[in-house]
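# Examination of the molecular architecture
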Amino acid sequence: KLIRECVLCRKMRAPTMTQQMAPLPADRVASVPPFTNTGIDVFGPFLIHDGISTRKTTATKKVWVLICVCLCSRAVHLEMLPHMDTSSFRNALRRFIAIRGTCKLLRSDQGSNFTCAKRQFESIDICSIQNELKMKQCEWKLNPPGASHFGGCYERKIGSIRRVLEASLLLMGPRSISRDEFSTLIQEAGSIVNNTPMWEVSSSPDDPTPLSPAMLITLRDFRDPVSTESFSEADLLSYGKLRWRRSQYLADSFWSRWRNEYLHTLQKRHKWLTVKPCITPGDLVLIRDKTSKRNNWPSGIVSEVHKSSDNLVRSVTLKTTGPSSRKCTRAISDLVLLMPSKNHPC
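These lines cover the structure that appears in this document, whether it is placed above or below. (Residues numbered from 1 in each chain as written. Predicted model: local features only at pLDDT ≥ 70, side-chain atom pairs only at ≥ 80, totals over all residues. Heavy atoms only, no water.)

### Focus on the packing of aromatic side chains
Applying the stated criterion across every chain, the model contains 3 aromatic pairs. Aromatic side chains Phe43 and Phe46 sit 6.0 Å apart centroid to centroid with 85° between the ring planes, which places their arrangement in the edge-to-face category. We classify Phe43 as buried; its relative accessible area is 3%. Overall, Phe46 belongs to the buried group, its relative accessible area being 4%. Ring centres 5.3 Å apart and planes at 40° place the aromatic pair Phe46 and Phe182 in the tilted group. A residue pair is termed long-range when its members are at least 10 positions apart, and Phe46 in strand S1 (residues 37-49) and Phe182 in helix H7 (residues 179-194) qualify at 136 residues. This pair shows no difference in class: Phe46 is buried, exactly as Phe182 is. (Phe/Tyr/Trp six-rings, centres within 6.5 Å; stacked < 30°, edge-to-face > 60°. Buried < 20%, exposed > 50% of the residue type's maximum accessible area, 1.4 Å probe, protein only. Helix = DSSP H or I, 4+ residues; strand = E, 2+ residues; numbered from the N terminus.)

Here is the structure:
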């Protein structure tokens with residue numbers, strides 16, 4: 001009891017707060033066409049070569065990948081980003097909307113790429129992209145900063161695709177892949193992910209074939225035609241007219257690693273099962289900062305709580321203490337309760 005009531009002890013030892021896992025939001029279980037509710041994020045970079053290297057310009061360049069995940073069907077759409085600026089992101093988003101149709105809901109985190117784009121939108125054209133999305137009745141929701149578990153459905157896709165994709169590119173060794181080959185490879189990877197069964201394949205012949213995201217996108221039950229050609233590691237050295245065999249071999253390698261390293265991990269996980277007391281306005285909290293030591297973490301006072309559909313608090317708006325006071329939004333997983341307010345449930 002003495003340690004629990006001591007502010008200094010709580011500042012040095014108390015863990016961050018947790019809460020019961022939230023139920024699936026309505027946009028995850030809605031009966032809507034694919035990609036109506038979409039989560040977006042960017043991962044990378046990857047090294048490719050584009051053009052001829054000179055004394056001043058190296059052959060390799062960095063590219064990123066924009067992933068768009070349907071929140072209902074878990075289908076993915078991949079677009080290559082040549083740069084991390086606003087223009088590249090807007091062009092990739094326009095290509096996605098042109099192919100998949102207009103979205104009604106977009107979800108993303110507050111990573112450096114999106115926050116920088118948002119600042120540029122506000123300073124250049126008065127949130128032109130937000131006005132454009134509003135005209136199409138599309139809502140863009142941002143998750144609290146530093147809370148990747150708020151977008152777990154598409155963060156999980158990023159982790160699995162990136163791990164397998166990087167392992168496949170390691171087969172190139174010191175050689176780099178061209179821009180055209182990398183664009184083909186990520187589309188092949190997206191096709192493989194979309195053709196993954198959404199549940200375990202039954203051993204009984206009487207049970208129906210499990211659905212895949214590709215079936216929901218195309219509304220057709222078909223399998224990719226089996227290629228009569230076989231690709232081997234020697235195709236990595238293909239040159240000239242046979243360079244296309246590189247991306248085909250890397251795609252085959254992606255599929256084998258996806259099947260062996262990812263599919264067997266699709267199982268139910270159990271955590272965050274108990275309901276914890278909710279944080280309330282007026283609570284004094286310690287804000288976790290991953291870039292500094294715990295002694296230097298700033299403190300703040302909760303000014304507003306954001307309740308989910310189950311009436312539990314998982315993110316708050318707080319005001320930091322000290323001379324440089326400012327307001328910010330944080331998830332409760334980044335907060336340590338120091339002194340509860342009078343209205344705090346014990």
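### Side note on helix H6 (residues 152-169)
With 18 residues, H6 extends 25 Å from end C-alpha to end C-alpha; this agrees with the ideal 26 Å at 1.5 Å per step. When H6 is considered as a whole, its buried residues turn out to be Cys153, Tyr154, Lys157, Ile158, Ser160, Ile161, Val164, Leu165, Ala167, Ser168 and Leu169. (Expected span 1.5 Å × (residues − 1).)

### What to know about a nonpolar patch on the surface
There is a patch of nonpolar side chains on the surface, built from Met198, Trp199 and Leu211 and spanning about 280 Å² of accessible area. The topology assignment puts Trp199 in the loop between H7 and helix H8 (213-218). (Patch = residues over 30% accessible without salt bridge, like charges linked within 9 Å, V, L, I, M, F, W, Y side chains within 5 Å. Areas by Shrake-Rupley, 256 points an atom, 1.4 Å probe, with all protein chains shown as cover. Salt bridge = Lys/Arg side-chain N within 4 Å of Asp/Glu carboxyl O.)

### Re the nonpolar core
Residues Phe43, Phe46, Ile67 and Phe182 are the most contacted members of the largest nonpolar core, which totals 25 residues. Those elements giving two or more residues to this core turn out to be S1, strand S2 (60-70), strand S3 (76-81), H6, H7 and helix H9 (244-261). With 6 residues, the top contributor of residues to this core is H6. Non-local contacts of Ile67, meaning those with residues more than four positions away in its chain, are made with Gly39, Ile40, Asp41, Phe43, Val76, His77, Leu78, Lys157, Ile158 and Ile161. Ranked by size, the runner-up nonpolar core spans 18 residues in total, among them Ala75, Leu93, Leu106 and Trp140. (Core = buried A, V, L, I, M, F, W, Y, C linked by side-chain atoms within 4.5 Å. Contact = heavy atoms within 4.5 Å.)

### Thoughts on unusual backbone geometry
In this structure, Pro45 follows Gly44 across a cis peptide bond, with omega equal to 5°. Relative to the elements of secondary structure, Pro45 occurs in strand S1. One non-glycine residue, Arg74, lies in the positive phi region at around 65°. As for its position among the elements, Arg74 is in the loop between S2 and S3.

### Examining helix H3 (residues 86-100)
Owing to its 3.6 residues per turn, the α-helix aligns residues three or four sequence positions apart on the same side. With 15 residues, H3 should reach 21 Å at 1.5 Å per residue; the first-to-last C-alpha distance of 21 Å fits that figure. Taken together, the buried positions of H3 are Thr86, Ser88, Phe89, Ala92, Leu93, Phe96 and Ile97. Down the axis of H3, the buried set is contained in an arc of 165°. They therefore lie on one face. For H3, the exposed residues set more than 90 degrees away from the buried face come down to Ala98 and Ile99. (Arc of directions from axis to C-beta.)

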